[in-house]
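Residue-level structural notes
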Amino acid sequence: MATAEKTAVLAPEDPAGLRVVPARHPWRWLAGAAALLVSAQFLHGLVVNPGWDWGTFARYLTAPTILRAVGTTLELTAWGTVLGFALGALVALLRLSGSRILAGLAWTYTWVFRSIPLIVQLVFWFNLSYLYQHLALGVPFGPELWSLRTIDLLSAQGAAVLGLALYQSAYAAEVVRAGVIAVDPGQLQAAAALGIPRVRQIRRIVLPQAMRSILPNAANQVIALLKSTSVVYVMAIGELFYQVQVVYGRTGRVVPLLMVATVWYVLLTTVLSVLQYYVERHFSRRGKA
């Protein structure tokens, strides 16, 4: 009898009758309030500080010279992306090939172009005509059948596109290779056992699954390339950052012109991020289907 009464005393109460008390996080609320206070103070400074010169910012944000520079930036980004990923996909396939020579050359290519800073590569390609005055086709180590002056073939913008594409291709190769090796090799073995042709294996099995791994990293590389186009200012090409420098060099309004470039880069990056979201969602649905 005593044991039964002791058990009844120690038994927990009915959970349904317990009072639910929310957890309190006073330090979390304090940190949030401090963050809001700092943000409000920063925004207040943006409004009242005359150094930002919002009038000059508004005057040049959509100026024709700035809009043309934005177009040049988008053009460089588009060419660098298309050529870079086309070459990067080829380099990735070479790294995955069974030939040790081709895989070694592809690895060396990736290593070299990822190791050298972009600005160094751009200056090098810009001065390519100094090293090679002529480009020729002919018999190896023999007579030339056709030649062309390098300076006539490669303009400043052409050198910029070449440098951006080669730089992007080294990173794109690793993105594509990582996506391909993420696919379970057992699926390819099963497809080969069923007699499915190699090309169809790649098109129907490898690519749909690899794209889900490739796309997020590829989109990040495109966004990084968009911002990297600012480096071509060293070649005096009229992209966004170079044109902003020209304007504030003439007017002396450095801060508002830098804000013009900042806003345009943020807008372009936001558009690319939105496109990335919808493309990823599309391939995610295809993968589930």
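It should be emphasised that the depicted structure is a prediction, and the values quoted were computed from it without experimental measurement.

The subject of this paragraph is the nonpolar core. The biggest cluster of nonpolar side chains holds 22 residues, and the ones touching the most others in it are Val232 and Met235. Breaking this core down by element, the ones donating at least two residues are helix H4 (64-95), helix H5 (100-115), helix H6 (118-126) and helix H9 (156-181). Val70, Tyr248, Leu257 and Val260 belong to the second largest nonpolar core, which has 17 residues in total.

Moving on, we get to the UniProt feature "transmembrane region" (unreviewed entry) in the protein chain. Residues given the UniProt feature "transmembrane region" (unreviewed entry) here are residues 29-47, 76-94, 106-126, 146-167, 222-242 and 254-279. For residues 76-94, the end-to-end C-alpha separation is 26 Å, with 100% helix and 0% strand making up the annotated structure. A helix fraction of 100% and a strand fraction of 0% characterise residues 254-279, whose end C-alpha atoms lie 38 Å from each other.

Looking at where Gln168 falls in the secondary structure, it is placed in helix H9. Not counting the four nearest positions on each side in its chain, Gln168 is found in contact with Gly80, Gly84, Phe85, Gln221, Val222 and Leu225.

Another point: the pattern of salt bridges. Summed over all chains, the structure comprises three salt bridges. A salt bridge links Arg95 to Glu174, with the shortest nitrogen-to-oxygen separation between them at 2.8 Å. Of this pair, Arg95 sits in helix H4 while Glu174 sits in helix H9, and the two are 79 residues apart along the sequence. Arg95 gets classed as partly exposed once you look at its relative accessible area, which sits at 22%. A relative accessible area of 17% means that Glu174 is categorised as buried.

Thresholds, definitions, all that
Residues numbered from 1 in each chain as written. Predicted model: local features only at pLDDT ≥ 70, side-chain atom pairs only at ≥ 80, totals over all residues. Heavy atoms only, no water. Core = buried A, V, L, I, M, F, W, Y, C linked by side-chain atoms within 4.5 Å. Buried < 20%, exposed > 50% of the residue type's maximum accessible area, 1.4 Å probe, protein only. Helix = DSSP H or I, 4+ residues; strand = E, 2+ residues; numbered from the N terminus. UniProt positions renumbered as here; feature names shortened; annotations may be inferred. Contact = heavy atoms within 4.5 Å. Salt bridge = Lys/Arg side-chain N within 4 Å of Asp/Glu carboxyl O.

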